[in-house]
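Examining the three-dimensional arrangement
Each chain, letter by letter, is given below.
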Amino acid sequence: MEPSKRNYDIVLFGATGFVGSLTAQYLATHAPDDCRWAIAGRNRTKLERLRERLAELNPSCATLPLVTADSTDPASLRTLAESARVVATTVGPYVWYGEGLVEACAEAGTDYLDLTGEPEFVDTMYVRHDARARERGARLVHACGFDSAPHDLGVLFTVQQLPTGVPLRIDGFVRTNATFSGGTLASALTALGRGAQTARAAKERRLHEPRLVGRRARAPLGAPHFSKETGTWALPMPTIDPQVIARSAAADERYGPDFRYRHFAAVKHLPVAIGGVAAVSAVAAVTQLPPAREWLMSRYEAGNGPDEARRRRSWFTVRFVGEGGGRRVFTEVSGGDPGYDETAKILAEAALSLAFDKLPEIAGQLTPATAMGPALTERLRAAGMRFRVADTR
Ligand SMILES: NC(=O)c1ccc[n+]([C@@H]2O[C@H](COP(=O)([O-])OP(=O)(O)OC[C@H]3O[C@@H](n4cnc5c(N)ncnc54)[C@H](OP(=O)(O)O)[C@@H]3O)[C@@H](O)[C@H]2O)c1
């Protein structure tokens, strides 16, 4: 069926999980009245309980449609994809549970959003499903939470403050006081334990992806250093964010003929920086041993995460320093609890953006900035996330 004739504008899959419930709450309180949306998951009783909670926030949710689907049941994923114009999924780790839905959405021409921070998954989905998604007109947008939307959109915002047609250099410095959920821990430990598979998937992608001709768009790992611009220690952050940003730059000439982005964690005090590096290295080493990885995972329960009081105290800032054509600009993106409240807001606003905004007519695997750029930035601004120019020289 043509996407315009589908039953729902948006279906939220994984709605009963930790971030899924927050995203459902956001949609219940922010989706326009005429938005036809539904919650989906593998357990109908849990969906019914969630619907009761949503009805307390918005009485019209008492009749919200429920869709039952399971990642291990391809027929249910096909039905899900064919019922909606946009599907947003929080069912991770995506490398375990994600591919069936990407495939179903590519085939049905349905727009797809997820929260993955797993480069292996994104590269594998590119190789296997990008071409079909292009043919069918489906937009497949991964990493549409704190990983990687504020960074990706923040860099686009910074590029827009700099001259056109010149080489651009941008560094991003991330600070937060937030903590994480069981689902995030499971995904992070899974990704850390799959270094060889991640490298293989990246190589396979390079073999398939057309090379950029006449321009450069890079995101090399920076070196640890003290940043005078931010007054913090800067530690290179090899998350999925720089990869996403390099892809946005490759897709858009506005990023100039030679674009370079480096991504750092910003830490105020040297002992904390050294402790952070030691802790991450220790966890990365431990996750190479499957029994140790299982033990670490068992410490955090799926479906659980920081409570509302903890989330209310959480914040993030990403400072960007951009240079090009003799101009220097300092910008900042900031907001509340990054991993959950802001992630739920980003996923929900991105789903509304794909469903209702006038966006570039492109398809296939896309980044948040390429698919929705300024429209999503404006939505997030209206929803309280700050994008600002701090200084220009
Ligand atoms: N991009 C970002 O910045 C960001 C931020 C936060 C989280 N995340 C990612 O988002 C994902 C979700 O995190 P979370 O904390 O919400 O995890 P969670 O609470 O464990 O939720 C996982 C969801 O997946 C569902 N699920 C599991 N197996 C399934 C299957 N076979 N079929 C259908 N549904 C299935 C669960 O259903 P039940 O309720 O029935 O168990 C639950 O709804 C993780 O991958 C995490 O890494 C990303």
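Residues numbered from 1 in each chain as written. Predicted model: local features only at pLDDT ≥ 70, side-chain atom pairs only at ≥ 80, totals over all residues. Heavy atoms only, no water.

Points about the UniProt feature "domain: Saccharopine dehydrogenase NADP binding" (unreviewed entry) in the chain
This is how it is decided: UniProt positions are given in the numbering used here, feature names are shortened, and annotations may be inferred rather than shown by experiment. Every helix listed is a DSSP run of H or I at least four residues long, and every strand listed is a run of E at least two residues long, numbered separately from the N terminus.
UniProt's entry tags residues 10–132 with the feature "domain: Saccharopine dehydrogenase NADP binding" (unreviewed entry), counted in the numbering of this structure. Secondary structure across residues 10–132 divides into 53% helix and 18% strand, with the first and last C-alpha atoms of the span separated by 21 Å.

Section: the packing of aromatic side chains
Both the distance between ring centres and the angle between the ring planes are used here to describe each pair of aromatic rings. Here is the rule we go by: Ring pairs shown here join Phe, Tyr and Trp side chains whose ring centres sit within 6.5 Å, with only the six-membered ring taken for Trp; geometry is labelled stacked below 30 degrees between planes, edge-to-face above 60, and tilted in between. For the exposure calls, accessible area comes from a 1.4 Å probe over protein chains only, and a residue counts as buried if that area is under 20% of its type's maximum, exposed if over 50%, partly exposed in between. Put simply, a charge is over a ring when the Lys NZ or the Arg CZ is close to the ring centre, within 6 Å, and near the line of the ring normal, within 35 degrees.
A complete count under the given rule lists eight aromatic pairs for this structure. Ring centres 5.2 Å apart and planes at 75° place the aromatic pair F18 and Y340 in the edge-to-face group. One end of the pair, F18, is in helix α1 (residues 18–30); the other, Y340, is in helix α14 (residues 338–356), and 322 residues separate them in sequence. According to the relative accessible area criterion, F18 is buried, its value standing at 17%. Overall, Y340 belongs to the buried group, its relative accessible area being 1%. Between Y94 and F121, the aromatic rings sit 5.7 Å apart at their centres with planes inclined by 40°, giving tilted as the arrangement. One end of the pair, Y94, is in helix α4 (residues 94–97); the other, F121, is in helix α6 (residues 119–136), and 27 residues separate them in sequence. For the residue pair Y94 and F121, the accessibility class agrees, reading buried in each case. Taking the ring centre of Y126 as reference, the NZ or CZ of R205 above it sits at 4.2 Å.

Some thoughts on the pairing of strand β2 (residues 37–41)
Heads up, the rule is: Here, a strand pair is defined by DSSP locating no fewer than two bridges between the strands. When the strands point away from the viewer, a crossover counts as right-handed if the path from the first strand over the helix to the second runs clockwise.
With five of five residues buried, β2 is to be regarded as a mostly interior element. Alternating positions in β2 separate into two faces, W37, I39 and G41 on one and A38 and A40 on the other, with burial throughout. With four bridges connecting them, strand β1 (residues 8–13) and β2 associate as parallel partners. Bridged to L12 within β2 is I39. In this region the chain leaves β1, passes through α1 and returns to the parallel neighbour β2; the handedness of that crossover is right-handed. The pairing of β2 with strand β3 (residues 66–68) spans three bridges and is classified as parallel. Bridging from a neighbouring strand, G41 pairs with T68 of β3.

A closer look at the packing of helix α5 (residues 99–108) against α6
What counts here: Axis definition: a line fitted to C-alpha atoms, over the contacting stretch in the case of helices. Angles run 0 to 180 degrees between N-to-C directions. Here is the rule for angles: anything less than 35 degrees is roughly parallel, anything more than 145 is roughly antiparallel, 65 through 115 is roughly perpendicular, and the remaining ranges are oblique. With the far helix as reference, a near helix turned anticlockwise by less than a right angle produces a left-handed crossing, and one turned clockwise produces a right-handed crossing. Between two residues, a contact is recorded if the distance between any of their heavy atoms is within 4.5 Å. All residues other than Ala, Val, Leu, Ile, Met, Phe, Trp, Tyr, Cys, Pro, Asp, Glu, Lys and Arg, Gly among them, are scored as polar; the first ten of these are nonpolar and the last four charged.
One can describe the packing of α5 onto α6 by two numbers: an axis separation of 7 Å at closest approach and a directional angle of 15°. On the basis of the axis angle, α5 is roughly parallel to α6. Along this stretch, α5 crosses α6, giving a crossing that reads as right-handed. Along the contact surface, α5 presents E99, V102, E103, A106, E107 and A108, while α6 presents F121, M125, R128, H129, R132, A133 and R136. Split into classes, the residues belonging to the contact of α5 with α6 amount to six nonpolar, one polar and six charged.

Comments concerning the sheet that holds β3
Strand order in the open sheet formed by seven strands is β3-β2-β1-β4-β5-β6-β14, and the pairing between neighbours is parallel. A single partner strand is all that each edge strand has here, and the edge strands are β3 and β14 (364–366). Pairwise comparison of adjacent strand axes, ignoring direction, gives a mean angle of 20° for this sheet. Of the pairings in the sheet, the one linking strand β4 (residues 84–89) to strand β5 (residues 111–114) comprises four bridges and is parallel in character. If you follow A88 over to β5, its bridge partner there is L113. In the packing of helix α3 (residues 74–83) onto the sheet, the strands contacted are β1, β2, β3 and β4, and the crossing angle to β4 comes to about 125°.

Digging into the domain arrangement of the chain
Here is the rule we go by: Each domain span listed reflects an automatic or database assignment of domains. Two parts placed together each lose some accessible area under a 1.4 Å probe, and the buried area is that loss summed for both. Just to be clear on terms, a salt bridge is a Lys or Arg side-chain nitrogen sitting within 4 Å of an Asp or Glu carboxyl oxygen.
You can read the domains of the chain as domain 1 (3–146 + 342–377) and domain 2 (149–337 + 386–392). Each of domain 1 and domain 2 was reduced to a C-alpha centroid, and the two centroids are 23 Å apart. Across the contact, 29 residues belong to domain 1 and 42 residues belong to domain 2. Together, the buried faces of domain 1 and domain 2 total about 2900 Å²; carbon and sulfur atoms form 68% of this surface. For domain 1, the biggest contributors to the area lost against domain 2 are F18, E120 and F146; these three give 24% of the whole. On the surface where domain 1 and domain 2 come into contact, there are three salt bridges.

Notes on unusual backbone geometry
Following G92, the chain continues into P93 via a peptide bond in cis, with omega recorded as -5°. Inspection of the secondary structure puts P93 in the loop between β4 and α4. Look at the link from D147 to S148: it is a cis peptide, with omega at 5°. One non-glycine residue, A143, adopts positive backbone phi at about 55°. Among the structural elements, A143 can be located in the loop between β6 (139–141) and α7 (149–159). In this structure A143 comes out as buried when scored by relative accessible area, which is 1%.

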